[in-house]
Amino acid sequence: MTSIRYIVTDMDRSVEFYRDKLEFSVDMHNPGKFAALIRDDLTLYLSAPGAGSGGTAWNRFMIITNDIDGLIGRLNTGGVKFRGEISEAGAGRARLLEDPSGNLIELFEFKKK
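Below or above, wherever it landed, is the structure these notes cover.

Reading the values: rules and limits
Residues numbered from 1 in each chain as written. Predicted model: local features only at pLDDT ≥ 70, side-chain atom pairs only at ≥ 80, totals over all residues. Heavy atoms only, no water. Helix = DSSP H or I, 4+ residues; strand = E, 2+ residues; numbered from the N terminus. Pairing = 2+ DSSP bridges. Axes fitted to C-alpha atoms, helices over the stretch in contact; angles between N-to-C directions. Buried < 20%, exposed > 50% of the residue type's maximum accessible area, 1.4 Å probe, protein only. Contact = heavy atoms within 4.5 Å.

1. Looking at unusual backbone geometry
Now for step 1: Unusually for a residue other than glycine, Glu23 sits at a positive phi of about 65°.
Now for step 2: Positionally, Glu23 belongs in the loop between α1 (11–22) and β2 (25–30).
Now for step 3: One non-glycine residue with positive phi stands out, namely Asp40, at about 55°.

Structure (structure tokens):
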């Protein structure tokens, strides 16, 4: 299992975004301070700036999909913000999107065989 921590500026909006837009389940939620969300083998820990022992680095993680065009279409309908267009090279296709706090998420689809 992989774990990632993000610092978020609006805890409740961030929990709602990951739960409703990207199908994470909420494991723990301390409104305004902390949340732990799970999707497949990924645990995403969200911390408010300065809350607890969480770090301050802003990273990204990858969500692998079998239908990047469908996922992007669904997210566009939901009003999310993307950075750039789909890139196609190497092992597949990718596109970056931002959560409500500006954290990057890479959507990735392996090349079809």
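2. Quick look at the sheet that holds β2
Now for step 1: Sheet architecture is open: four strands sit in the order β1-β4-β3-β2, paired in mixed fashion. Two strands in the sheet have a free side with no partner beyond their single neighbour: β1 (2–7) and β2. Geometrically, the sheet is characterised by an average inter-axis angle of 15° between neighbouring strands, direction not taken into account.
Now for step 2: Bridge analysis of β1 against strand β4 (residues 42–47) gives six bridges, and the strand direction is parallel. When the bridges of β4 are listed, Ile4 appears paired with Leu44.

3. Describing the environment of Ile68
Now for step 1: Here Ile68 shows up in helix α2 (residues 68–77).
Now for step 2: Judged by its relative accessible area of 0%, Ile68 is buried.
Now for step 3: Sequence separation of Ile68 and Gly78 is 10 residues, and the distance between their C-alpha atoms is 15 Å.
Now for step 4: Not counting chain neighbours up to four residues away, the residues in contact with Ile68 comprise Arg93, Ala94, Arg95, Leu107, Phe108 and Glu109.

Purely geometric numbers; function is a separate question.
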